[in-house]
Amino acid sequence: MIAIVDYDIGNVGSVLNMLRKVGAQAQITRDPDTLRAADKLVLPGVGAFDEAVANLRRFGLWELLDELVLQARKPILGVCLGAQLMTRSSEEGSQPGFGWLDARIQRFRSTSETPLRVPHMGWNLVTPTRPDIGIFQDVPTPMRFYFVHSYHMVTDDPALALATTPYGQPFVSVLGRDNILAMQYHPEKSHKYGLQIYRNFAERFPSC
């Protein structure tokens with residue numbers, strides 16, 4: 001069973017619908033026993049970084065997720081804000097992230113040389129740096145996904161960067177290591193591309 005973490009931030013219903021479309025058994029929950037019993041986890045999120053941290057702590061989920069991801073090593077997929085929470089910190093807020101991935105969150109910089117509209121919103125290309133891993137298998141190419149975000153993931157460890165996306169300059173749109181996978185875009189809003197991502201997560205993803 002795949003548990004979709006419910007902390008009052010995020011489009012959990014859309015994630016549930018996509019997982020059910022690919023035949024996965026999935027449940028929206030914040031119940032500790034259900035989360036412990038799950039085979040895999042999805043951490044969605046839409047909104048502000050500090051509010052997300054506060055909600056996870058308010059519902060008693062912060063330490064539990066830390067335990068399940070780092071000690072029990074359950075496979076977990078972070079989506080948009082959920083992905084950003086997996087990093088150390090964000091320029092959007094003052095609270096620390098989980099720090100599962102050696103990365104940080106920066107706001108898009110618009111300059112006279114590379115003017116950008118912020119937020120970055122709409123369909124864009126995603127180019128895997130490791131197309132061999134299971135999460136990208138059978139996704140139609142060129143891969144296109146739907147984005148809505150003003151902040152993006154930055155890492156100094158090239159081994160963590162699994163895919164990039166062009167916006168002004170290329171930015172990291174997928175991070176991952178071991179049982180942890182972080183996607184800046186919204187697979188649940190990305191039609192056939194996102195459907196295959198969720199199928200791969202359900203059927204093929206034990207680790208990066």
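About the cut-offs
- Residues numbered from 1 in each chain as written.
- Predicted model: local features only at pLDDT ≥ 70, side-chain atom pairs only at ≥ 80, totals over all residues.
- Heavy atoms only, no water.
- UniProt positions renumbered as here; feature names shortened; annotations may be inferred.
- Contact = heavy atoms within 4.5 Å.
- Helix = DSSP H or I, 4+ residues; strand = E, 2+ residues; numbered from the N terminus.
- Buried < 20%, exposed > 50% of the residue type's maximum accessible area, 1.4 Å probe, protein only.
- Polar contact = N/O pair within 3.5 Å; in protein donor to acceptor, adjacent residues only side chain to side chain.
- Phe/Tyr/Trp six-rings, centres within 6.5 Å; stacked < 30°, edge-to-face > 60°.
- Lys NZ or Arg CZ within 6 Å of the ring centre and 35° of its normal.
- Arc of directions from axis to C-beta.

Q: What is the right way to read the UniProt feature "active site" (unreviewed entry) in the chain from this model?
A: Following the UniProt record, one finds the feature "active site" (unreviewed entry) at C80, H186 and E188. Maximum C-alpha separation among the annotated residues is 10.8 Å over a sequence range of 109 residues, consistent with a single clustered spot. Discounting chain neighbours no more than four positions away, the residues touching C80 are G45, V148, M183, Q184, Y185 and H186. Structurally, E188 can be placed in the loop between β12 (180–183) and α6 (191–203). We classify E188 as buried; its relative accessible area is 9%. For E188, the contacting residues outside a window of four places in its chain are N11, S14, V15, M18, V79 and Y198. At a separation of 2.8 Å, a polar atom in the side chain of E188 contacts the side chain of N11.

Q: Help me understand the packing of aromatic side chains, please; the structure alone is not making it clear to me.
A: Aromatic ring pairs are described here by two measures, namely the spacing of the ring centres and the angle between the planes. A complete count under the given rule lists 11 aromatic pairs for this structure. Aromatic pair F145 and Y185: ring centres 4.1 Å apart, planes at 20 degrees, arrangement stacked. Taken together, the residues span a long stretch of sequence, with F145 in strand β8 (residues 144–149) and Y185 in the loop between β12 and α6 at a distance of 40 residues. The two residues F145 and Y185 agree in class, both being buried. Members of the aromatic cluster, joined through ring pairs, are F108, W123, F145, Y146, F147, Y167, F171, Y185 and Y193. Over the aromatic face of F59 sits the side chain of R30, whose NZ or CZ is 3.9 Å from the ring centroid.

Q: How should helix α1 (residues 12–21) be read in this particular structure?
A: For an α-helix the count is 3.6 residues per turn, leaving residues at separations of three or four pointing the same way. Within α1, burial applies to V12, V15, L16, M18 and L19. Buried residues of α1, viewed axially, fall in a sector of 165 degrees; they line one side. Pointing more than 90 degrees away from the buried face of α1 are the exposed residues R20 and K21. On the buried face of α1, the contacting elements are β1 (2–5), β2 (26–29), β3 (40–43) and α6.

Q: Please explain the side chain of H120 as it appears in this structure.
A: Within the fold, H120 resides in strand β6 (residues 120–125). At 3.1 Å, the side chain of H120 and the side chain of N124 are in polar contact. Beyond its immediate chain neighbours, meaning those up to four positions away, H120 contacts F108, F147, V148, H149, T165, Y167 and F171.

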